[in-house]
Amino acid sequence: MKELLTYIVQNLVNDPDSIAITESAQGDEIVYELRVAPEDMGRVIGRHGRIAKEIRTLMKATGNHENKKVSVEILD
């Protein structure tokens, strides 16, 4: 799943080398923390948070397919 998130974000940003994704388990949930370059933050979040919402939806759907709870946090 981390590879899917990396692929999605790499295609959105101008500086793919600055992408940092950490994976942690909190109870029965997998949490992905995403960091990108400050100038790419708007590209990942999108207008009114639409792109961020769709990224989270895709990741949750992938997690449901594997019977896992998944969430994505976009950090500064």
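Here we summarise the structure given alongside this text.

What counts and what doesn't
Residues numbered from 1 in each chain as written. Predicted model: local features only at pLDDT ≥ 70, side-chain atom pairs only at ≥ 80, totals over all residues. Heavy atoms only, no water. Core = buried A, V, L, I, M, F, W, Y, C linked by side-chain atoms within 4.5 Å. Buried < 20%, exposed > 50% of the residue type's maximum accessible area, 1.4 Å probe, protein only. Helix = DSSP H or I, 4+ residues; strand = E, 2+ residues; numbered from the N terminus. Contact = heavy atoms within 4.5 Å. Salt bridge = Lys/Arg side-chain N within 4 Å of Asp/Glu carboxyl O. Pairing = 2+ DSSP bridges. Axes fitted to C-alpha atoms, helices over the stretch in contact; angles between N-to-C directions. Parallel < 35°, antiparallel > 145°, perpendicular 65-115°, else oblique. Left-handed = near helix turned anticlockwise from the far one by under 90°.

1. Thoughts on the nonpolar core
Item 1. In this structure, L5, V9, Y32, L34, V36, V44 and M59 are the most contacted members of the largest nonpolar core, which totals 19 residues.
Item 2. Sorting the residues of this core by element identifies helix 1 (2-10), strand 2 (29-35), helix 2 (41-45), helix 3 (50-65) and strand 3 (69-75) as the ones contributing at least two each.
Item 3. In this view, V36 contacts V9, V13, S18, I19, M41 and V44; residues no more than four positions away in its chain are not counted.

2. Brief notes about the pattern of salt bridges
Item 1. Evaluated as defined, the whole model comprises 2 salt bridges.
Item 2. Where D28 meets K69, a salt bridge forms, and the shortest distance between an N and an O atom there is 3.8 Å. Separated by 41 residues along the polypeptide, D28 in the loop between strand 1 (20-26) and strand 2 and K69 in strand 3 bring together distant segments of the chain.
Item 3. In this structure D28 comes out as exposed when scored by relative accessible area, which is 58%.
Item 4. The salt bridge partner of E66 is K68, with a shortest N-O separation of 4.0 Å.
Item 5. By relative accessible area, which is 39% here, E66 ends up partly exposed.
Item 6. Its relative accessible area of 36% is what places K68 among the partly exposed residues.

3. Topic: the sheet that holds strand 1
Item 1. The 3 strands are arranged 1-2-3 in an open sheet whose pairing can be described as mixed. Here the strands that pair on one side only, and so sit at the sheet edges, are strand 1 and strand 3. Across the sheet, the mean angle separating the axes of adjacent strands is 20 degrees when strand polarity is ignored.
Item 2. Here 7 bridges tie strand 1 to strand 2, and the two strands are oriented antiparallel to one another. From the neighbouring strand, A25 faces strand 2, where its bridge partner is I30.

4. Examining the packing of helix 1 against helix 3
Item 1. Across the interface, helix 1 lies against helix 3 with an axial gap of 11 Å and an inter-helix angle of 160 degrees. By the angle between their axes, helix 1 is roughly antiparallel relative to helix 3. As for how helix 1 packs across helix 3, the hand of that crossing is right-handed. From helix 1, L4, L5 and I8 reach across to helix 3, where they touch I55, L58, M59 and T62.

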